[in-house]
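As a plain string of letters, each chain reads:
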Amino acid sequence: QELSRRRQFLREHAAPFSAFLTDSFGRQHSYLRISLTEKCNLRCQYCMPEEGVPLTPKANLLTTEEILTLARLFVKEGIDKIRLTGGEPLIRPDVVDIVAQLQRLEGLRTIGVTTNGINLTRLLPQLQKAGLSAINISLDTLVPAKFEFIVRRKGFHKVMEGIHKAIELGYNPVKVNCVVMRGLNEDELLDFAALTEGLPLDVRFIEYMPFDGNKWNFKKMVSYKEMLDTIRQQWPELEKLPEEESSTAKAFRIPGFQGQISFITSMSEHFCGTCNRLRITADGNLKVCLFGNSEVSLRDHLRAGASEQELLRIIGAAVGRKKRQHAGMFSISQMKNRPMILIELFLMSHDSPPANPSISSWDPLHVQGLRPRMSFSSQMVTLWKGCRVPQALLLAQQRLGSGCFQRHYTSRADSDANSKCLSPGSWAPAAPSGPQLTSEQLTHVDSEGRAAMVDVGRKPDTERAAVASAVVLLGPVAFKLVQRNQLKKGDALVVAQLAGIQAAKVTSQLIPLCHHVALSHVQVQLELDSTRHAVRIQASCRARGPTGVEMEALTSAAVAALSLYDMCKAVSRDIVLEEIKLISKTGGQRGDFHRA
C-alpha cells in the first residue's frame, strides 16, 4: 500500500522528462540497468566464451559509492526503474545494502534484479526487506542434465528453490528467462508453457542473440513466430495480451492458466522504436544499445572530478548518438562487442545428483517427453513446492545372480508415455521382413563422381523409423564405477543418453550430405552387460518425411558411445567401441531392412 501511494504521488507530481535522457528520435530513457560485477558462479555457453573472459582489475570497477552516485544522477533526470545485473549480481557482498540505498531515491519506482538463482533462496528475504520489487530468474531447461552441459557448473536444486522462494514471498509474476537455442532446448517449449498453468510465472522465451565468444549461428536461433506456432498447435486458444509501453516482450496467456508466456524478439522483430533502456557496465561504461559497440566511460569522468552538469552533458551526448535501430542479426554476429558476461543479461544453472537415495532415481531426459495432457504443470507445482527434481528416469537397480547391480536407462524425446527399459529379450535379432532392395550405385555422387546431396524434393512423405546399436567395452574397473555411479565426472549413463539425443537432432550438421530431418521421436537406451563389462546402446529415431532416419539413429548410438568413452577415459584408456550398426530401417521406397 505504501509503494502504491508513492507511485500515485510520483505520477501526480512528475517533472518534465530530462532532455539529457531523450535521444534524437524522441525516445525517453527511463530504465537503467546497472551491472554490479563481471564475475559469475556459472559459465553459460551462450553468455561466456569457453576460455573465460579477462576480468577487469578491481580498481577499475565501479565502487559502491560510484554506483550510487550515478544512480542518483540518473533518477534525478527521470529514470524510474533500475535493474541490477552482472555477471551474477547476487555474488556481490554488498548487494543488499545497494538495494536499500537505491530504495531511498525519490522518484525510483522499481528496483529489479536478474539472477541465475543460485544464491536467491538465501538472499531474497533480505533483498525484499531492503526494497527489491521485481525479479527475473534464468532457467533455460527443465532437463537437469542439460544444465550442467550448458553452464558447465552444478546448482539446479538451488535455482528451483530460489523460484519457489520468490513465489512464496509474493512476487507476482516471477519472471523466468529462457534463451531458446535450436538443437538444445527448443523441444521444451510446451513444457515451459505448461508451467504457467498452476504457477504465477511469466515464462519469457528469448531469441538466441550473438555476443562476442558465444559462437552465435543463425541456425541455432529459433524465431518468435516459430516458437509461437509450436505453442499454438498445442493451445489454439492462446490469447495475446495488450503490450505495455516500452515493453520488450510480446505477452500471451492460455485461458485458465495462472501465469503467462512472453517472447523477446530482439533478432526477428526488434523493438528499437520504443527502447527506453540504458546500461552501465561494471567498469563504469555507458552503453546506449545492448548490441552497439560504442561506450563512454562515466567512471573516468567521475574520478576526474567532473561536476554533475559535466556528467549530464556526457550522458546526453551519448544518448543523442543512439541510432534509430540496431544492425540486423547477421551484422551483429560479425560485430565486435563485449561477451554477454561483461555486459549483463540472462543466466542459468544446473543440478548435482541428489544425495538422498530415495530421490536418486530420476530421469533428467524424460522431461522432454512430458506434455500438458499428462498434467505436467501440476506435477511441477508439486515438485517445486518440495524443491525436488523430476523422478521420471527408468533407472532400475536390481541385484542379479552375480551379486552385481544392473542399471537400465531409457530416455525419449517425444510424448510417448509407454517407456520401457531394455531387457535381454529386446536385443534379440529381428527377423528380415519386406523386400531387401539395394542399389549397385552410390547415391551421393553425381555422374562425374563428385559428392552431391540426393534430391528428395519429389519423394513422398512417409513414416520413417530406424534403430541402431553400439557396444562399449569398458573393462572391469571402469565398468564397476559406471555401475555404481561413482565416476568423478558424474553419471556417465545419463550424459551418454543426453549426448545421443542431441546428436540425433544435429546429424545433418555432422554428416555433410545428410538432409535435415525434423524428428518426431528419439529414444536412447543403455544396458549394462556384466559378463562383458560393457554397455550396450540402442538408439531409435522416427520422423515423417521424404528421407530415412538411419543416419540419425547411427549418429545417436555412435555419439552416445563416444560420450561414455569420454566419461571413463580418466580411469582406463583400454576402452573399445564396437558393433556400431543399423538394426532396422522402415518406411523407405526400397523396402524395410531388419538385421538378421
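Residues numbered from 1 in each chain as written. Predicted model: local features only at pLDDT ≥ 70, side-chain atom pairs only at ≥ 80, totals over all residues. Heavy atoms only, no water.

Student: I'd like a rundown of the overall build of the protein, residues and numbers included.
Tutor: Each helix and strand counted, the protein has 16 helices and 19 strands in total. Taken over 596 residues, the protein has a buried fraction of 54%. Of the contacts made within the protein by residues no fewer than 6 positions apart, 76% connect residues no fewer than 24 positions apart. Total accessible area on the protein stands at roughly 26,500 Å², and carbon and sulfur atoms take up 51% of it. (Helix = DSSP H or I, 4+ residues; strand = E, 2+ residues; numbered from the N terminus. Buried < 20%, exposed > 50% of the residue type's maximum accessible area, 1.4 Å probe, protein only. Contact = heavy atoms within 4.5 Å. Areas by Shrake-Rupley, 256 points an atom, 1.4 Å probe, with all protein chains shown as cover.)

Student: Any chance you could break down the pairing of strand 2 (residues 81–85) for me, citing the residues and the numbers?
Tutor: In terms of burial, strand 2 is a largely internal element, four of the five residues being buried. The pairing of strand 1 (residues 31–35) with strand 2 spans five bridges and is parallel. Following the sheet pairing, Leu32 is matched in strand 2 by Ile82. Traced from strand 2 through helix 3 (residues 95–103) to strand 3 (residues 110–115), the parallel crossover comes out right-handed. (Pairing = 2+ DSSP bridges. Right-handed = clockwise from strand over helix to strand, strands pointing away.)

Student: Give me the lowdown on the packing of helix 4 (residues 120–130) against helix 6 (residues 156–168), citing residues and values where you can.
Tutor: Running from N to C, helix 4 and helix 6 cross one another at 25°; their axes reach a closest spacing of 8 Å. As far as their axial angle goes, helix 6 and helix 4 are roughly parallel. The segment helix 4 lies against helix 6, with Leu120, Thr121 and Leu124 engaging Lys158, Glu161, Gly162, Lys165 and Ala166. Considered class by class, the residues forming the contact of helix 4 with helix 6 number three nonpolar, two polar and three charged. (Axes fitted to C-alpha atoms, helices over the stretch in contact; angles between N-to-C directions. Parallel < 35°, antiparallel > 145°, perpendicular 65-115°, else oblique. Nonpolar A, V, L, I, M, F, W, Y, C, P; charged D, E, K, R; others polar.)

Student: Give me the confidence of the model for the protein: which residues, what numbers.
Tutor: For the protein, the mean per-residue pLDDT works out to 79, and 72% of the residues sit at or above 70. Within the protein, the lowest mean pLDDT, 30, falls on strand 13 (residues 396–399), and the highest, 98, falls on helix 3. In the model, residues 211–216 has pLDDT below 50 throughout and makes 26 contacts with residues more than four positions away in sequence or in other chains. Scored below 50 in pLDDT, residues 327–437 shows 343 contacts in the model against residues more than four places distant or in partner chains. (pLDDT = per-residue confidence, 0-100.)

Student: How would you explain the nonpolar core if you had to name every residue and give the values?
Tutor: Phe74, Ile82, Leu102, Phe205 and Leu286 are the most contacted members of the largest nonpolar core, which totals 97 residues. The element best represented in this core is helix 2 (residues 64–77), accounting for seven residues. Those residues in contact with Leu286 that lie beyond four places of it in its chain are Phe74, Leu278, Arg279, Ile280, Ser294, Glu295, Val296, Leu298, Ile315 and Ala318. Core analysis: the second largest hydrophobic core is formed by 34 residues, Leu474, Ala492, Ile501 and Cys568 among them. (Core = buried A, V, L, I, M, F, W, Y, C linked by side-chain atoms within 4.5 Å.)

Student: Now, about the sheet that holds strand 12 (residues 296–297): what can you tell me, with residues and values included?
Tutor: The 12 strands are arranged 7-8-9-6-5-4-3-2-1-10-11-12 in an open sheet whose pairing can be described as mixed. This sheet does not close on itself; its edge strands, each paired only once, are strand 7 (239–240) and strand 12. Both strand 5 (residues 174–180) and strand 6 (residues 201–207) contribute to a ladder of seven bridges, which runs parallel. For Val179, the partnering residue across the bridge sits in strand 6 and is Ile206. Strands strand 5, strand 6, strand 8 (249–253) and strand 9 (260–264) of the sheet are contacted by helix 8 (residues 224–234), whose axis makes an angle of about 160° with strand 9.

Student: Can you break down helix 16 (residues 550–568) residue by residue, with the values?
Tutor: Over its 19 residues, helix 16 extends 27 Å from the first C-alpha to the last, a length consistent with the 27 Å expected when each residue adds 1.5 Å. Those residues of helix 16 that sit buried are Glu552, Ala553, Thr555, Ser556, Ala557, Ala558, Ala560, Ala561, Ser563, Leu564, Met567 and Cys568. (Expected span 1.5 Å × (residues − 1).)

Student: Would you mind going over the pairing of strand 4 (residues 134–138) in detail, with residue names and values included?
Tutor: Strand 4 sits mainly inside the fold: five of its five residues count as buried. Side chains of strand 4 alternate between two faces, with Ala134, Asn136 and Ser138 and Ile135 and Ile137 buried alike. Note: strand 3 against strand 4, four bridges, orientation parallel. Note that in strand 4 the partner of Thr114 across the bridge is Asn136. A crossover connection joins strand 3 to the parallel strand 4 through helix 4; in handedness this β-α-β unit is right-handed. Here three bridges tie strand 4 to strand 5, and the two strands are oriented parallel to one another. Residue pairing across strands places Ile137 opposite Val176, the latter belonging to strand 5.

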